[in-house]
Structures are given as C-alpha cells and as structure tokens.
Amino acid sequence: ESLYNNASSSVKALVTNHASLVQALSDLAEILEEYQAILNARQTAKQTISAYIPDKSIYSSIGKAMIDSVISMFNSIVETKDDVNQINSLVTEYEAKLDNILTAVEEDAELIEEARSNAISELKAYVTDLSKYSTTGETKIKSIISEYETKINNEDLVNNVNAMLEEAYLKINAVPTY
C-alpha cells in the first residue's frame, strides 16, 4: 500500500485496480498460511504416529511388520488430507489401530489360551461311547477328563498342553472296555 502511495502518477495510472490487487495479495497470504498449517499438521501427525509405539522390541516380528505397515499406510493417507480436523481424526484412528496390535506376550497368551481350549475340547470328545465301559470304567474316564482338564488349564506352554493331552489319552486308553 505504501508503495502505491509513494509511486509516481505514471505508475499509479498503470495500476488500475489497486484495491483488488491488495485484496488478492491478502487472500494469497491467507491461503499460504492455511497451507502451511496443513503441512505442519501433516508433519506433526506423522511424527506422532511414528513415535506412538516407543518400544518395538516387545513385539514379535509379525507385530513389528504390522506396526510398520500401519505407519506406512498412515503416512500415505495423511498426505491426501487437506484439513487439520481430518488429520487429527486420522491420528486418533491410527493410534487405535496401533493399540490393537498385540505384543509378543499378548500373542503368546492368546496362543496358549487357544491351545488349552482346543485340548480340552478334544479331550472331552475323545471317548464317543461310554456305554462300552463298565460303571467303574465310565467313572474312571470322567475322573481322568476332569483331572486333565485342570492340568491343561494350569499349563503355560503349548508343548506342555499337548503333552498333558497325550498323557490323558494314554490313561483313558488304559481303561478296559467290556
């Protein structure tokens, strides 16, 4: 504006729409400011997601690969967002995705629980016809199943669960039929 006021009359004559030019420059400055805010929000969001899991060493190799994949997807998608609120929502969404990735300990706990459940189901289904056994034999089989169900539930390793199941099978097979 001061340049215009200090300009010669010949220069002022060339600038026919000074007010429009000033408004356009103001609008451009506002657009550039908004764009810079979006760029900053994207960068901050990427840093937030990249640092969200500070210790990957507690994850299995599969868990680490999943974390890397989620972060990579986030970094691609965040570049398509042109609104700070959308970017912030995306951060929240991807933090939840990262929260759902199990640590190695959680994976192991899930595996042992599944192994226990499967072993107990197999054990209960092992004897399909109790009528082949005497009353004493039937009672003995039910006792073995109950005993090994407890032993299986107390095991912390999949191999031990499988060993308990095999041991139960051997004891059941030792019960005489009619």
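Within each chain, residue numbers correspond to sequence positions counted from 1 in written order. Owing to the predicted nature of the model, reporting of local features is limited to residues with pLDDT of at least 70; listing and counting of side-chain atom pairs is limited to 80 or more, with chain, interface and lining totals taken over all residues. Only hydrogens and water are set aside; all other atoms, that is, all heavy atoms of the structure, feed into the side-chain values.

Take helix α8 (residues 158-173) next. Over its 16 residues, α8 runs 23 Å from end to end, which matches the ideal 22 Å to within 8%, given 1.5 Å per residue. When a residue's accessible area, from a 1.4 Å probe over protein chains only, is under 20% of the maximum for its type it is buried; when over 50% it is exposed; and in between it is partly exposed. Secondary structure counts use DSSP, requiring at least four H or I residues in a row for a helix and at least two E residues in a row for a strand, with both numbered from the N terminus. Among the residues making up α8, those that are buried are Val161, Met164, Leu165, Ala168, Tyr169 and Ile172. Within α8, the buried residues cover an arc of 140 degrees as seen down the axis, which keeps them to one side. Along α8, the residues that are exposed and aim more than 90 degrees away from the buried face are Asn159 and Leu170. Buried positions along α8 lie against α6 (104-126) and α7 (135-153). An expected span of 1.5 Å times one less than the residue number is assigned to each helix. Here the arc refers to the set of directions running from the helix axis out to each C-beta atom. Whether two residues are in contact is decided by their heavy atoms: any pair within 4.5 Å suffices.

Our focus in this paragraph is the packing of α7 against α8. Between N-to-C directions, angles cover 0 to 180 degrees, with each direction set by a line fitted to C-alpha atoms, over the stretch in contact for helices. Look at α7 against α8: their axes get within 10 Å of each other, and the N-to-C directions meet at 170 degrees. Judged on the interaxial angle alone, α8 and α7 are roughly antiparallel. When α7 is examined against α8, the residues Ile141, Ile144, Ile145, Glu147, Tyr148, Lys151 and Ile152 are found in contact with a partner set consisting of Val161, Met164, Leu165, Glu167, Ala168, Lys171 and Ile172. Basically, the charged four are Asp, Glu, Lys and Arg, the nonpolar ten are Ala, Val, Leu, Ile, Met, Phe, Trp, Tyr, Cys and Pro, and anything else, Gly included, counts as polar. Residue composition of the contact of α7 with α8, grouped by class: 10 nonpolar, no polar and 4 charged. In what follows, roughly perpendicular refers to angles from 65 to 115 degrees, roughly parallel to angles under 35, roughly antiparallel to angles over 145, and oblique to any angle outside these ranges.

Looking now at the packing of α6 against α7. It is the contact of α6 with α7, at a shortest axis distance of 10 Å, that shows an interaxial angle of 170 degrees. Looking at the two axes, α6 sits roughly antiparallel to α7. Only Ile145, Tyr148, Glu149, Ile152 and Asn153 of α7 make contact with α6, whose side of the interface consists of Arg116, Ala119, Ile120, Leu123 and Lys124. Split by residue class, the contact of α6 with α7 holds 6 nonpolar, 1 polar and 3 charged.

Bringing the nonpolar core into the picture now. Most often, soluble globular proteins have nonpolar side chains that are buried together. By size, the foremost hydrophobic cluster in this structure holds 19 residues, and its most contacted members are Leu123, Ile141, Ile144, Tyr148, Ile152, Val161 and Ile172. Elements supplying a minimum of two residues to this core: α6, α7 and α8. Considering every element that reaches this core, the biggest residue donor is α8, with 6 residues. The residues touching Val161, leaving out its near neighbours within four places in the chain, are Ile112, Ala115, Arg116, Ala119, Ile152 and Glu155. The nonpolar core is taken to be a set of buried Ala, Val, Leu, Ile, Met, Phe, Trp, Tyr and Cys residues, with the residues joined through side-chain atoms within 4.5 Å. Grouped together as the second largest cluster of nonpolar side chains are 17 residues, Ile38, Tyr59, Phe74 and Leu90 included.

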